[in-house]
Amino acid sequence: MDNKDFVYPSGNVERHHPVAIPPPQPFFKSLNNTLKETFFPDDPLRQFKNQTPRRKLALGIRYILPIFEWGSRYRWEYLKSDLISGITIASLAIPQGISYAKLANLPPILGLLDSSFVPPLIYAMMGSSRDLAVGTVAVASLLTASMLGSEVNATENPKLYLHLAFTATFFAGALQAALGILRLGFIVDFLSHATIVGFMAGAATVVCLQQLKGILGLDHFTHGTDLVSVLRSVFTQTHKWRWESALLGCVFLFYLLVAKYVSKRKAKLFWISAMAPLTSVILGSLLVYLTHAENHGVQVIGKLKKGLNPVSIMELQFGSSEYLMIAIKTGIVTGVIALAEGIAVGRSFAMFKNYHIDGNKEMIAFGMMNIAGSCTSCYLTTGPFSRSAVNFNAGCKTAASNIVMALAVMITLLFLTPLFHYTPLVVLSSIIVAAMLGLIDYQAALHLWSIDKFDFLVCMAAYIGVIFFSVEIGLVVAVGLSLLRVLLFVARPKTSVLGNIPESTIYRNVDQYTDATNVPGILILEIDAPIYFANSSYLRERILRWIDEEEDNLKSSGETSLQYVILDMRAVGNIDTSGINMLEEVKKNNDRRGLKLVMANPGGEVMKKLNKAKFIENIGQEWIYLTVGEAVGACNFMLHTSKSKLRTDQTWTTDNIV
């Protein structure tokens, strides 16, 4: 808008309210407040205030072990729901566990051990989610196979590979627990929604392609996870494709997808999709047993060892200097991915039931679960979405459903493992493909495109990186782009010109509010971020450019020359020494041009630092205002006063000449 469109607000000008400088605080008190806000925003110790020592002990035990909190309120009517939920998710956990262990190039029995009584029981005691059903996940299994497989061949050296998987799980658990104890969970937030969507879709695509080995009945297959390696391995062995295996795989895949479709259409029929994997295993095993299909190219699991989790603490490879770093690297990457997925799933279902889960407590629970699991022959465990969704739909009331699942799988380990001897591998491949197709969320990608093109770029970078290079490269590229965007937000903050909303003293962005009018002789700029060393130079150049553009516009239109520059500081939460130096340079530049720098609505932390730097003394306390409206009112008053004085002087001079 042109200046001529401006209409002065009716009524009196807003009264000047001085901007207060916060009283000084002792250094250690200020440091304590900063640390508290950074690491303890939820104030977890609030519940211990004004309590007796005995009560504090009871609250502490309940805080560390939430099972005592929900267990004390457990009612018998919950038991039926938790029993049904636990048995239902066990029916899904058994075939999924075997399938995902195969995906990680680990013995199939490990998939059952991961769902047995150790990890679920640890989570049931320490987790804060009522709906999360713990177990192995495809993406973590793929990462384990990809990263460990780059150093150790699981076929040629299975014992070392197995021990490294346990060691990586230990380091993943240690990282997760440390993040929770140190309350550093915000680090996981650097995995943005766009990153996770693209990464999960890419990993799911790779997993589906790798299942072509089982579906086509191939004995040898590439260890690479990229698209080119997988397709080359498939199409260079066309003479080895088994039509019997392919037919069986397509039939069971069709059945699994139809079951999932039916359950989605009618929520009450959730059990059809939940039971479909176990039904596929039973039918496939019966078919192979009755037709002796293992003699006609259909590969089977073979013998599974009975028994519960053997202790594996002595098998952790802490002393292996050659392979220790790959175990640590695998543990860190898989631990962060599993943590992000598990917490996101837990929060999603907590939102549906309107309760809160503590992210830091969840990290500790995941960490202790994986540390204990690594010592009892388990590899990485988290909260998979598919299993948790079945648990939720089955009507679980508490984490006791995990205990029921653990007992059901324990019975399977003790008595029922021989029944899985004839389970065809092609059925496990079909189960994995059916589960993975749900992770390719193209609608979420289209939603990102419609809202934020950069988020879509991050999503596609993760997807392309995973399928064409490797899982690690795709993740690194996506996280790198996300961090680059954070840096751009910090280094290139938004600045905008504010105008007056007609018939008010409210000032808003002229690009957003088309009826907002510029104030004659005054340029109002809003800085929309804290001012740090990373953006101070940019802000200096941007502010001076705004001033140059405004002066050029005024000269070309022949309107009132620019007299005042008001900086709206309400969004500036903090400032460092580089930012203060930038303000001093802007003030000096304005002084040379004959312009007056005015500040509006600076926060307490900003005022405290400006006061210590003597900038307030330099600019003058009278030029710092509580609101933009007050600042504009004062500037208008000075403009009208100077114009009246100028007219009086001109009249006096004319009278003397006459």
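Going along each chain's sequence as written, the residues are numbered from 1 onward. With the structure being a predicted model, the display of local features is reserved for residues of pLDDT at least 70 and the display and counting of side-chain atom pairs for 80 or more, all residues being used for whole-chain, interface and lining totals. Excluded from the side-chain calculations are hydrogens and water; all other atoms, namely the structure's heavy atoms, are used.

Notes on the pattern of salt bridges
Rules: Throughout this description, the term salt bridge denotes a Lys or Arg side-chain nitrogen within 4 Å of a carboxyl oxygen of Asp or Glu. The numbering of helices and of strands both runs from the N terminus, where a helix is a DSSP run of H or I of at least 4 residues and a strand a run of E of at least 2.
Enumeration according to the criterion identifies 13 salt bridges in this entry. With its nearest N and O atoms 2.8 Å apart, the salt bridge here joins D591 to K587. Of this pair, D591 and K587 both sit in helix α23 (residues 577–593), four residues apart, which is roughly one turn of that helix. Residues joined in a network through salt bridges with shared partners are D452, D455 and R485.

Some thoughts on helix α18 (residues 425–437)
The following threshold applies: Each helix should span, by expectation, one fewer than its residue count multiplied by 1.5 Å. Residue burial is assigned from relative accessible area. The probe radius is 1.4 Å, only protein chains are included, and a residue is buried under 20% of its type maximum, exposed over 50%, and partly exposed in between. By definition in these notes, contact holds between two residues if any of their heavy atoms fall within 4.5 Å.
For α18, built from 13 residues, the straight-helix expectation of 18 Å at 1.5 Å per residue is met to within 8% by its first-to-last C-alpha distance of 19 Å. Burial within α18 is extensive, with eleven of its 13 residues counted as buried. Among the residues of α18, those classed as buried are L425, V426, V427, L428, S429, S430, I431, I432, V433, A434 and M436. Lining the buried residues of α18 we find α4 (76–103), α7 (138–149), α9 (193–210), α10 (212–215), α12 (243–265) and α13 (270–291).

Quick look at the packing of aromatic side chains
Applied cut-off: The criterion for an aromatic pair is that two Phe, Tyr or Trp rings (for Trp, the six-membered ring) have centres within 6.5 Å, with stacked assigned to planes under 30 degrees apart, edge-to-face to planes over 60 apart and tilted to the rest. Lysine NZ or arginine CZ positioned within 6 Å of the ring centre and within 35 degrees of the ring normal marks a charge as sitting over the ring.
All chains considered together, the criterion is met by ten aromatic pairs. Ring centres 5.8 Å apart and planes at 80° place the aromatic pair F170 and F171 in the edge-to-face group. Residue classification places F170 among the partly exposed residues on the basis of a relative accessible area of 21%. Consider the rings of Y289 and Y422, whose centres lie 5.2 Å apart with planes at 70°: the pair is edge-to-face. Taken together, the residues Y289 in helix α13 and Y422 in the loop between α17 (400–416) and α18 connect sequence positions 133 residues apart. Accessibility expressed as a relative area gives 48% for Y289, which makes it partly exposed. What makes Y422 partly exposed here is its relative accessible area of 28%. Members of the aromatic cluster, joined through ring pairs, are W70, Y74 and Y78. Cation over ring: K361 sits above Y63, and NZ or CZ is 4.6 Å from the ring centre. Across the ring face of W546, the terminal group of R542 is positioned such that the distance to the ring centre comes to 4.1 Å.

Some details on the confidence of the model for the protein
Worth spelling out the cut-off: How sure the predictor is of each residue is captured by pLDDT, a score from 0 to 100.
A residue-level look at the protein finds 94% of positions with pLDDT of 70 or above and a mean pLDDT of 83. A low-confidence stretch, residues 1–8 (pLDDT under 50), is modelled with 24 contacts involving residues beyond four sequence positions or located in other chains. Below pLDDT 50 for its whole length, residues 652–658 participates in zero contacts with residues either more than four positions away or in separate chains.

Focus: the nonpolar core
One broad rule of soluble globular proteins: the nonpolar side chains tend to lie buried together. Our working rule: We define a nonpolar core as any set of buried Ala, Val, Leu, Ile, Met, Phe, Trp, Tyr and Cys residues linked to one another through side-chain atoms lying within 4.5 Å.
Core analysis: the largest hydrophobic core is formed by 89 residues, its most contacted members being L106, F199 and M436. Once residues lying within four places of it in the same chain are set aside, the contact partners of M436 are Y100, A138, A204, V207 and C208. In terms of nonpolar packing, the next biggest core, distinct from the first, is built from 49 residues, V565, M569, L583 and Y625 among them.

Some remarks on the packing of α9 against helix α20 (residues 453–468)
Helix-helix packing is characterised by the crossing angle of the two axes and by the distance between the axes. As a reminder of what qualifies: Each axis is a line fitted through C-alpha atoms, and for a helix only the stretch in contact is used; angles between axes span 0 to 180 degrees, taken between their N-to-C directions. An angle counts as roughly parallel when it lies under 35 degrees, as roughly antiparallel when it exceeds 145, as roughly perpendicular when it falls between 65 and 115, and as oblique in every other case. Crossing handedness follows the turn of the near helix against the far one: under a right angle anticlockwise gives a left-handed crossing, and clockwise gives a right-handed one. All amino acids are sorted into three groups, where Ala, Val, Leu, Ile, Met, Phe, Trp, Tyr, Cys and Pro are nonpolar, Asp, Glu, Lys and Arg are charged, and the leftover types, Gly among them, are polar.
Where α9 meets α20, the axes come as close as 7 Å, and the angle between the chain directions of the two elements is 25°. One element, α9, and the other, α20, form an angle in the roughly parallel class. In the packing of α9 onto α20, the handedness of the crossing is right-handed. Taken together, the residues of α20 that come into contact with α9 (itself represented by A194, T195, V197, G198, F199, A201, G202, A203, T205 and V206) are D455, V458, C459, A462, Y463, V466 and I467. Taken together, the residues of the contact of α9 with α20 sort by class into twelve nonpolar, four polar and one charged.

Describing the side chain of N391
Tracing the backbone through its elements, the reader meets N391 in helix α16 (residues 385–393). By relative accessible area, which is 0% here, N391 ends up buried. Those residues within four positions of N391 in sequence are excluded, and the remaining contacts are S85, I89, R130, D131, L132, A133, C396 and S401.

Points about the layout of surface pockets
The line we're drawing: Any residue with an atom within 4 Å of a point lines the site, the site being either a cavity, points on a 1 Å grid over the protein atoms alone where a 1.4 Å probe fits but cannot get out, or a pocket, an open set with protein on both sides within 12 Å along at least 5 of 7 lines. Grid points are joined across faces, edges and corners, and a volume is the space filled by probe spheres set on the points.
What the largest pocket holds in volume is close to 1600 Å³. In this structure, the largest pocket is lined by 47 residues; those nearest its centre are F385, S386, A389, G438 and L439. Considering each element in turn, the lining of the largest pocket owes the most residues, seven residues, to helix α14 (residues 324–353). Space inside the second largest pocket adds up to approximately 1200 Å³. Along its surface, the second largest pocket is lined by 45 residues, and S128, H356, I357, D358 and G359 are the ones closest to its centre. For the lining of the second largest pocket, the secondary-structure elements that each account for two or more residues are α1 (27–39), α2 (53–64), α3 (67–71), α14 and α15 (359–374). Tallying contributions element by element places α14 first for the lining of the second largest pocket, with five residues.

Here's the deal with a nonpolar patch on the surface
What counts is decided by this rule: What makes a patch is a set of residues exposed beyond 30% relative accessible area and free of salt bridges, joined within 9 Å when like-charged and within 5 Å when nonpolar (Val, Leu, Ile, Met, Phe, Trp, Tyr). To be clear on the numbers: accessible area is Shrake-Rupley with a 1.4 Å probe, and residue cover counts the displayed protein chains and nothing else.
Side chains of F186, I187, F190, L483, V486, F489, V490, Y532 and F533 sit close together on the surface and give an oily, nonpolar patch of about 820 Å² of accessible area. If one sorts the elements of the nonpolar patch by residue count, helix α21 (residues 471–491) sits on top with four residues. Note that V486 resides in helix α21.

Comments concerning the pairing of strand β4 (residues 564–568)
Formally: Only strands that DSSP links by at least two bridges are regarded as paired with each other. The crossover handedness rule: strands pointing away from the viewer, path from first strand over the helix to second strand clockwise, crossover right-handed.
Counted residue by residue, β4 has five buried out of five residues, so it is predominantly covered. Along β4, one buried face is formed by Y564, I566 and D568 and the opposite face, lined by V565 and L567, is buried too. Bridge count between strand β3 (residues 522–527) and β4: five bridges; the pairing is parallel. For E526, the partnering residue across the bridge sits in β4 and is D568. In terms of handedness, the path from β3 via helix α22 (residues 533–557) over to β4 forms a crossover that is right-handed. Relative to strand β5 (residues 596–600), β4 runs parallel, the two being bridged by five bridges. Counterpart to D568 in the pairing with β5 is A600. What joins β4 to β5 is α23, and the crossover it makes is right-handed.

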